[in-house]
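Read off the chains here:
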Amino acid sequence: MDLSFLQATLLTLLGGLPLTLNLTACSVLLGGAGALVLALMRTSGLVLLSGPARAYVFVFRGTPLLIQLFMVYYGLGQFRPALQELGLWSFFRDPYYCAVLAMAMNTAAYASEIIRGGVASVPPGALEAASACGMRPLMRLRRIVLPLAIRQALPAYGNELVLMAKATSLASTITLMEVTGLAGKMIAQTYRAVEIFACAGLIYLLLTFFLTRAVLLLEWRLSPRRPRRQPAPPTIRITGEPA
Amino acid sequence: MHVFDLFLGPNGWGVPLLLAALMTVALSVSGLAVGAVLGALLAHARITGGFIARTAADAVTTILRGVPDLLVIYLFYFGGSQILSWAGHAAGYDGFIGLPVFLTGVLALGVVSAAYQAEVFRGAFNAIPRGQIESARAAGMGSLLMFRRVLAPQVIRHALPGLGNVWQLILKDSALISVIGLVELLRAAQVGAGSTRQPFLFYSAALLLYLAITSVSGQAFRWAEIRSLRPFRRG
């Protein structure tokens, strides 16, 4: 075992970690916002809104992420003159923006289904109670539906987060040198596939480990069973009760 | 050139794209089969294995689920040729021997999906009532006979929904095999896009073919699910 080679490899690969983290964070944040919009469209009950959302999810979940990435980066290049006219060419020319866009659009489709499941799990009684209290739909959404739905969807969303962190490796196919890109380049140069795989694998395992821990922590924080310091319940006095 | 001629005319790109779509299906089916065998072994290790077998199976599952699939493909592609070249060197052949790309792709897809399939099989096995296993033993069945007559038919039935999910996963992962040069659907679209300078058109065509494959096979899995439950339908 060549320890100095392993050390050098690990150091080189760590240089790609910031880009991996950056891609994961940006696409998850953007995709999460998109997922929320899509889920609300799906559950709105209006065909005009739920139809397009359904079609979007069908297309993005039914095709590989890699082809979506190529579609954005290479495919839209076919419309370069039009994009230049619109001033969008500098955006679509940059592989980084293309990768973030494609991944955000992809994860939005998957995450919207997860959030939709969470929304569906909100008990109808809670909705009725909120309406009976006089909450308007938007307030009910903000105060009742979303908090309950997000808590319910969190474990599944954690899985999606890990999948996204792994999916950022595809960015290497459009010239972005994140961890997998660097690893692929090194393997092709040195042909020491096993050692380099071990180093890159270690980095990804640690990354996914911390991500799952973070989601578990968030789950615990949002869990209603957590003992919390609460004000003492008001003592109820019922008149006529024997002392 | 007109779009119609481009795809359907003589020397059009329609036939190569359809052939490539067939290659995608063949690759995915083989990957699913290899993954089923490996997944069954992993599940076996986790259910009946001793401490060492269980720990090893756990470790393999954790690693495979925590590492990007692209990295596993690189490992098999370069690592496989590394081992082959080394073996060739030992046999007196000096030079590089590459592992066939189709084989590499099938192995990589199989290994990647094995971790997921193991979980599916384990869940399906746990759904079988213990009493059936005990009565099979009491009736004097050996392990193999019990597997064939009692376990396998029911495990497959319970595993179908999960296997459907894994199948979709493999189908979409098969696009990654294009990076090592196998001409499957995505690669064929890339080639067409490169030689006609119409990338949007070709990626759209590939996108539609992928959608067709995923929705038709998804429907087939749903049909199989309903069919497998037929003996239990009531009323």
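Higher on the page you've got the structure.
What comes next is a walk through the structure. (Residues numbered from 1 in each chain as written. Chains lettered and ligands numbered in written order. Predicted model: local features only at pLDDT ≥ 70, side-chain atom pairs only at ≥ 80, totals over all residues. Heavy atoms only, no water.)

1. A short note on the pattern of salt bridges
All names here are of chain A.
Alright, step 1. Per the stated rule, a full pass over the model turns up 8 salt bridges over all chains.
Alright, step 2. Between Arg 116 and Glu 113 there is a salt bridge, with its nearest N and O atoms 3.2 Å apart. Placement of both Arg 116 and Glu 113 in helix α7 (residues 95-120) is noted, with a separation of 3 residues, approximately one turn of the helix.
Alright, step 3. Residue classification places Arg 116 among the partly exposed positions, given a relative accessible area of 28%. (Salt bridge = Lys/Arg side-chain N within 4 Å of Asp/Glu carboxyl O. Helix = DSSP H or I, 4+ residues; strand = E, 2+ residues; numbered from the N terminus. Buried < 20%, exposed > 50% of the residue type's maximum accessible area, 1.4 Å probe, protein only.)

2. Some points on unusual backbone geometry
Alright, step 1. Its identity is not glycine, yet Thr 175 of chain A carries a phi of approximately 75°, on the positive side.
Alright, step 2. Structurally, Thr 175 of chain A is set in the loop between α9 (137-167) and α10 (179-190).
Alright, step 3. Positive phi, close to 60°, is recorded for Arg 197 of chain B, a residue that is not glycine.
Alright, step 4. Looking at the element boundaries, Arg 197 of chain B is found in the loop between α8 (185-196) and α9 (199-228).
Alright, step 5. Judged by its relative accessible area of 72%, Arg 197 of chain B is exposed.

3. Re the interface of chain B and chain A
Alright, step 1. At the interface, 38 residues of chain B touch 37 residues of chain A.
Alright, step 2. Where chain B abuts chain A, roughly 3300 Å² becomes buried across the two surfaces, and 79% of that area is made up of carbon and sulfur atoms.
Alright, step 3. One can count 0 salt bridges joining chain B with chain A.
Alright, step 4. Summed over the shared surface of chain B and chain A, the number is 9 residue pairs in polar contact (both at pLDDT 80 or more).
Alright, step 5. Sorting the residues of the side of chain B that touches chain A by element identifies α3 (51-66), α4 (69-90), α8 and α9 of chain B as the ones contributing at least two each.
Alright, step 6. A breakdown of the residues in the side of chain B that touches chain A according to their chemical character gives 24 nonpolar, 10 polar and 4 charged. (Contact = heavy atoms within 4.5 Å. Buried area = accessible area lost by both parts, 1.4 Å probe. Polar contact = N/O pair within 3.5 Å; in protein donor to acceptor, adjacent residues only side chain to side chain. Nonpolar A, V, L, I, M, F, W, Y, C, P; charged D, E, K, R; others polar.)

4. So, the environment of Pro 161 of chain B
Residues and elements named next belong to chain B.
Alright, step 1. Assignment of secondary structure puts Pro 161 in helix α7 (residues 143-173).
Alright, step 2. Relative accessible area serves as the criterion here: at 39%, Pro 161 is assigned to the partly exposed category.
Alright, step 3. Along the primary structure Pro 161 and Val 67 are separated by 94 residues, whereas in three dimensions their C-alpha atoms are 25 Å apart.

5. Section: the nonpolar core
Alright, step 1. If you look at the biggest cluster of nonpolar residues, it comprises 109 residues, and the most contacted ones within it are Leu 13 of chain A together with Leu 17, Leu 71, Leu 185 and Leu 186 of chain B.
Alright, step 2. The dominant element in this core, judged by the number of residues it contributes, is α7 of chain B, at 11 residues.
Alright, step 3. Those residues in contact with Leu 186 of chain B, other than ones at most four positions away along the chain, are Leu 66, Ile 67 and Phe 70 of chain A together with Ala 175, Ser 178, Tyr 203 and Tyr 210 of chain B.
Alright, step 4. By size, the runner-up hydrophobic cluster in this structure holds 8 residues, among which are Ala 35, Ala 39, Val 122 and Ala 149 of chain A. (Core = buried A, V, L, I, M, F, W, Y, C linked by side-chain atoms within 4.5 Å.)

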